[in-house]
Structure formats: structure tokens, C-alpha cells
Amino acid sequence: MQRQIMTPVDLKVLMNHIYEYQKGVRQMVLFTCNKRYEAFATSRLQHQHIDYVVQSVDHDRINLFFGKKACMNAIRLMVNRPLNCLSPEEDFILGAMLGYDICGQCERYCERKEKHLCPRKDRPAV
């Protein structure tokens, strides 16, 4: 009887992202997963000669960016704090780099910029 090996869903998603990257569907990927998969994921990327950056999200999760070297160099310069702390401009650039819908990114940028620049109504303007 053949033994079936169960692969966690996170690792199946990772393998699909790697496949899409290798086929040229994506130039860069952001994959968020449990820290317990970090060693497997980074080993797999190293074995495939794919550049990557690991960012801690919290005590349980990581963000794993991987893709073209030029993209990873930009990520190393830009993503030096939690993603929710990026400026509206950095957030827009990251979304564009990841291949997100540009119109959606424009809407997100405008919303974030408005919140970022407008004083709250319950606080007096300085």
C-alpha cells in the first residue's frame, strides 16, 4: 500500500507561487505564512536560485518576498518596517511591483493619502 504524504495548504500555495514565478507569470511574490515553514520555504528558494527577503510579521508569521534580484534589492531598501507602516507612496509602489491592479492601487493610494494628510475631526488642526 502506497503511503500518502499530506502537504499543508500553505506549502501548496508556495509551490504554486514558485511555479508561476518560474514561468514568468509573476516577477515578484509576497507570500505570508506560519514561521514553522520558513526553513522549508527559504531552502526551496535557495535550491531554485531565487532571491528572497524574509520579514517577520509577528511571533507566528512571516512575509516572504521572492523574485527578480532588482525587485528584491528595492524591497530591501523600502520594506524596513511593518507593511501597515509604509507611506501611501511606498504602499502604492509595492502593490505595483506585486502586479496588483493599477486602478485599484490608485484608489487605495488616494484613500490612504487622504487619511494620512487630513487631520481627524475630533482634533483641532495645528
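Preceding this paragraph is the structure being described.
Colleague: Explain the overall build of the protein chain to me, please; I cannot follow it from the model alone.
Modeller: Across its full length, the protein chain holds 5 helices and 3 strands. Start at the N end of the protein chain and walk to the C end: the helices and strands fall as α-β-α-β-β-α-α-α. By the burial criterion, 29% of the 126 residues in the protein chain qualify as buried. Here the analysis covers contacts within the protein chain between residues at least 6 apart in sequence; of these, 50% occur between residues at least 24 apart. Total accessible area on the protein chain is roughly 9000 Å²; 54% of this is exposed by carbon and sulfur atoms.

Colleague: Help me understand the environment of L94, please; the structure alone is not making it clear to me.
Modeller: By the secondary structure assignment, L94 is in helix α4 (residues 88-97). For the pair formed by L94 and L30, sequence separation is 64 residues and the distance between their alpha carbons is 9.8 Å.

Colleague: Explain helix α1 (residues 9-22) here, please?
Modeller: Compared with an ideal rise of 1.5 Å per residue, which puts 14 residues at 20 Å, α1 spans 20 Å between its outermost C-alpha atoms and is within 8% of the ideal. Turning to α1, its buried residues are L11, L14, H17, I18, E20 and Y21. Tucked inside the fold, the buried residues of α1 contact β1 (28-34), α2 (38-47) and β3 (61-67). At the exit of α1 stands G24, carrying a positive phi of roughly 85 degrees.

Colleague: Can you help me understand the side chain of Q105 in this one?
Modeller: Along the chain, Q105 falls in helix α5 (residues 102-117). The residues contacting Q105, other than those within four sequence positions of it, are D91, F92, G95, A96 and Y100.

Colleague: What exactly am I supposed to notice about the packing of α1 against α2 here?
Modeller: When two helices pack together, their arrangement is given by the angle between the helix axes and the distance between those axes. Close contact between α1 and α2 brings their axes to 11 Å; oriented N to C, the two are set at 20 degrees. The orientation of α1 relative to α2 falls into the category roughly parallel. Classified by chirality, the crossing of α2 by α1 is right-handed. On the side of α1, the interface is formed by L11, L14, M15 and I18, while α2 contributes F40, A41, R44 and L45. Taken together, the residues of the contact of α1 with α2 sort by class into 7 nonpolar, no polar and 1 charged.

Colleague: I keep staring at the nonpolar core and nothing clicks. Help me out?
Modeller: Residues L14, I18, F31, L45, I50, L64 and F66 are the most contacted members of the largest nonpolar core, which totals 14 residues. Elements that contribute at least two residues to this core include exactly α1, β1, α2 and β3. Among all residues touching L14, those that are not within four sequence positions of it are F31, F40, A41, L64 and F66. Core analysis: the next-biggest nonpolar cluster, separate from the first, contains 11 residues, V53, F65, M72 and L98 among them.

Colleague: So what exactly am I meant to see when it comes to the side chain of Q55 here?
Modeller: Looking at where Q55 falls in the secondary structure, it is placed in strand β2 (residues 51-56). For Q55, a relative accessible area of 10% gives the class buried. A distance of 2.7 Å separates the side chain of Q55 from the backbone oxygen of R81, its partner in a polar contact. Residues contacting Q55, with those up to four places away along its chain left out, are I62, N63, F65, V79, R81, P82 and L83.

Rules used throughout
Residues numbered from 1 in each chain as written. Predicted model: local features only at pLDDT ≥ 70, side-chain atom pairs only at ≥ 80, totals over all residues. Heavy atoms only, no water. Helix = DSSP H or I, 4+ residues; strand = E, 2+ residues; numbered from the N terminus. Buried < 20%, exposed > 50% of the residue type's maximum accessible area, 1.4 Å probe, protein only. Contact = heavy atoms within 4.5 Å. Areas by Shrake-Rupley, 256 points an atom, 1.4 Å probe, with all protein chains shown as cover. Expected span 1.5 Å × (residues − 1). Axes fitted to C-alpha atoms, helices over the stretch in contact; angles between N-to-C directions. Parallel < 35°, antiparallel > 145°, perpendicular 65-115°, else oblique. Left-handed = near helix turned anticlockwise from the far one by under 90°. Nonpolar A, V, L, I, M, F, W, Y, C, P; charged D, E, K, R; others polar. Core = buried A, V, L, I, M, F, W, Y, C linked by side-chain atoms within 4.5 Å. Polar contact = N/O pair within 3.5 Å; in protein donor to acceptor, adjacent residues only side chain to side chain.

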